[in-house]
Amino acid sequence: MINQPLYFLNTHPDQISTQLNLSLLHQYQGFVQVNKIVDIPDFSTLLIMGYALESLPLLKQERSDLRIGVVDPRPTFVHQPVGCDFILANGIEMMDWYCRFTSNIFFYPIYPQL
């Protein structure tokens, strides 16, 4: 159970992975979808998708009070999760790859029925 709201910055609403993750995240009590960082209270937890990493440095600069997690980053992306507070990775190999950016990596199975 989440004790405080969990915010999700939705910068790419048409991406299929955003839509899939949103359907899962809406199950959690306290989940809030936002479109701008000004909508997020101080000292909150914010999730961004891996393909929105170009916004990470600016988010950290403008809102150093936020704890920012990256959902499903990819090694092939130009921007990497440098400076994030934690990562939600969908596989063991992704956890291994991203341990150089943070030790706070959480695993979620993308195909839990297999």
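Residues numbered from 1 in each chain as written. Predicted model: local features only at pLDDT ≥ 70, side-chain atom pairs only at ≥ 80, totals over all residues. Heavy atoms only, no water.

Undergrad: Please set out the state of the cysteines residue by residue, giving values where relevant.
TA: Taken as a whole and assessed by the stated rule, the structure comprises zero disulfides. Summary of cysteine pairing: Cys 84 is not part of a disulfide, and the nearest cysteine sulfur, belonging to Cys 99, is at 12 Å. Overall, the relative accessible area of 7% leaves Cys 84 in the buried class. The class for Cys 99 is partly exposed, based on a relative accessible area of 47%. (Disulfide = S-S within 2.5 Å. Buried < 20%, exposed > 50% of the residue type's maximum accessible area, 1.4 Å probe, protein only.)

Undergrad: Give a description of the nonpolar core that names residues and reports values.
TA: Core analysis: the largest hydrophobic core is formed by 19 residues, its most contacted members being Leu 9, Ile 40, Leu 46, Ile 48, Leu 59 and Ile 68. If you list the elements that add at least two residues to this core, you get β1 (6-9), β3 (45-49), α2 (56-62), β4 (67-71), β5 (86-89) and α3 (92-98). Residue contacts for Leu 59: discarding those within four places in its chain leaves Leu 9, Ile 37, Leu 46, Ile 48, Ser 64 and Ile 68. Leu 6, Leu 25, Val 71 and Phe 86 belong to the second-largest nonpolar core, a separate cluster that totals eleven residues. (Core = buried A, V, L, I, M, F, W, Y, C linked by side-chain atoms within 4.5 Å. Helix = DSSP H or I, 4+ residues; strand = E, 2+ residues; numbered from the N terminus. Contact = heavy atoms within 4.5 Å.)

Undergrad: Which residues make up the pattern of salt bridges, and what values do they have?
TA: Any two side chains of opposite charge can pair, given that their charged atoms come close. Scanning the entire structure with this criterion turns up three salt bridges. Residue Asp 65 is joined to Arg 63 by a salt bridge in which the shortest nitrogen-to-oxygen separation is 3.1 Å. Comparing Asp 65 with Arg 63, the two get one shared label, buried. Where salt bridges share partners, they join Lys 60, Arg 67 and Asp 85 into one cluster. (Salt bridge = Lys/Arg side-chain N within 4 Å of Asp/Glu carboxyl O.)

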